[in-house]
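# Fold and contact review
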Amino acid sequence: MKVEYVSPFAEAAVNVMEMLLNKTPERGKLSARPQIFTTQQINVVCGITGDIAGLVIYGMSMVTADRIASTMIGAPVVAFDGLAASAIAELGNMVSGNSLSLLSAQGFRCDITPPTIIRGTNVKITTLNIPALVIPLIVEEIGQIEINVSLAEKRELQAA
Amino acid sequence: MAKRILITDDALFMRVTLKNILTQNGYEVVGEASNGVESVALYKSLKPDLVTMDITMPEMDGIAALKEIKAHDPAANVVMCTAMGQKNMVVEAIQAGAKDFIVKPFQPDRVLEAVQKLLAA
């Protein structure tokens, strides 16, 4: 798991959130986890396939998810319904898609799978034995979004 | 008569957002598809003036759906509307006959500009 795969996700997340939320997120300190698992109430899971493959999980609290969805929809979210969940999933899709554009500039060709939402903490995802790097992003008046990046180059995966 | 548009996106949020932008500006949204298979079927039955097409979707992705729609109607106005903005993806879509390529997230004006340009006639 290389740090250079993570930077595009942090950069894309900042760009996408600036546009969607009209606020500039602040990057927190990068940390590592031995395995990928959900740590937040709301987690958007995006699969990455191609030259680099694995999973990226965008985790946040329910309060943060409500605030983001309200801003994206343009109306307050009273219950975290299908539309709110879809907005949060789409945020993950947009960040992942924009990250792949940055990765393609480095020569990596990848694709993404439609996002899935997992509700609840400590769900372990064991299909991939790749450690995760975590970047926290703090958005003023909205909360914290944790990006868990667990990716490896295809030839490393095949060798494993 | 209002120009008729078919929206294709697996995300309910995106379908609602696009529908609001288009209907508030005088277009009629005649159908909403949540994957490529639905989009191709609705294109054939509704014969819309324009289709917005996401790429990353379950069942059939937007590139495959674009190709099927263009095979059925070579004059179809298909505008890609996706988070996948890599150059190879844009080139593949344009070569397959897409008339424009909008990368998400977008400003409403970007969508209107693309639609107005294609449906001006």
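Since this is a predicted model, take the numbers as computed values, not measurements.

Here we take up the nonpolar core. All names here are of chain A. Counting residues in each nonpolar core, the largest one holds 84 residues, and the members touching the most others are Phe9, Ala13, Ile88, Ile147 and Val149. Considering every element that reaches this core, the biggest residue donor is helix α3 (residues 82–105), with ten residues. In contact with Ile147, not counting residues within four places along its chain, are Phe9, Ala10, Ala13, Val56, Tyr58, Val134, Ile135 and Leu137.

Looking now at the environment of Val40(B). All names here are of chain B. Looking at where Val40 falls in the secondary structure, it is placed in helix α2 (residues 36–46). Residues Val40 and His72, 32 residues apart in the sequence, show an inter-C-alpha distance of 9.0 Å. Setting aside its immediate chain neighbours within four residues, Val40 contacts Ala65, Glu68 and Ile69.

With that settled, consider unusual backbone geometry. Omega for the bond connecting Lys104(B) with Pro105(B) falls within 30 degrees of zero, at -5°, which places this linkage in the cis form. Among the secondary structure elements, Pro105(B) is positioned in the loop between β5 (100–103) and α5 (108–118). Of note in the backbone geometry, Glu141(A) takes a positive phi value of approximately 65° without being a glycine. Mapped onto the elements, Glu141(A) comes out in the loop between β7 (132–139) and β8 (143–153). When the 8 C-beta atoms within 10 Å are taken as the criterion, Glu141(A) is described as exposed. Positive phi, close to 45°, is recorded for Lys47(B), a residue that is not glycine. By secondary structure assignment, the location of Lys47(B) is in the loop between α2 and β3 (50–53). When the 12 C-beta atoms within 10 Å are taken as the criterion, Lys47(B) is described as exposed.

Take the confidence of the model for chain B next. Regions with low pLDDT should not have their predicted coordinates read in detail. For chain B, mean pLDDT is 96; residues scoring 70 or higher make up 99% of the total. The ipTM assigned to the predicted complex is 0.90, against a pTM of 0.92.

Bringing the confidence of the model for chain A into the picture now. On average, residues of chain A carry a pLDDT of 90, and 94% of them reach 70 or more. Ranking the elements of chain A by mean pLDDT puts helix α4 (residues 154–159) of chain A last, at 67, and helix α2 (residues 62–73) of chain A first, at 96.

This part takes up the packing of α2(A) against α3(A). Any two packed helices are characterised by the angle at which their axes cross and by the distance between the axes. Residue and element names in this part refer to chain A. Where α2 meets α3, the axes come as close as 9 Å, and the angle between the chain directions of the two elements is 90°. What the angle tells us is that α2 and α3 run roughly perpendicular. Contact residues: Ala65, Asp66, Ile68, Ala69, Met72 and Ile73 in α2; Leu83, Ala84, Ala87, Ile88 and Leu91 in α3. Classifying every residue of the contact of α2 with α3 by side-chain character gives ten nonpolar, no polar and one charged.

Let us now look at the sheet that holds β3(B). All names here are of chain B. Read from one edge to the other, the open sheet built from five strands follows the order β2-β1-β3-β4-β5, with strand pairing classed as parallel. This sheet does not close on itself; its edge strands, each paired only once, are β2 (28–33) and β5. The mean inter-strand angle of the sheet, taken between neighbouring strand axes irrespective of direction, is 20°.

This brings us to the pairing of strand β1 (residues 4–8) of chain B. Residue and element names in this part refer to chain B. With four of five residues buried, β1 lies mostly within the body of the structure. The pairing of β1 with β2 spans five bridges and is classified as parallel. Its bridge partner being in β2, Leu6 is matched across the sheet by Gly31. Note on the crossover from β1 through helix α1 (residues 12–23) to β2: the handedness is right-handed.

Conventions adopted
- Residues numbered from 1 in each chain as written.
- Chains lettered and ligands numbered in written order.
- Predicted model: local features only at pLDDT ≥ 70, side-chain atom pairs only at ≥ 80, totals over all residues.
- Core = buried A, V, L, I, M, F, W, Y, C linked by C-beta atoms within 7 Å.
- Buried ≥ 20, exposed ≤ 12 C-beta atoms within 10 Å, placed from the backbone.
- Helix = DSSP H or I, 4+ residues; strand = E, 2+ residues; numbered from the N terminus.
- Contact = placed C-beta atoms within 7 Å.
- pLDDT = per-residue confidence, 0-100.
- Axes fitted to C-alpha atoms, helices over the stretch in contact; angles between N-to-C directions.
- Parallel < 35°, antiparallel > 145°, perpendicular 65-115°, else oblique.
- Nonpolar A, V, L, I, M, F, W, Y, C, P; charged D, E, K, R; others polar.
- Pairing = 2+ DSSP bridges.
- Right-handed = clockwise from strand over helix to strand, strands pointing away.

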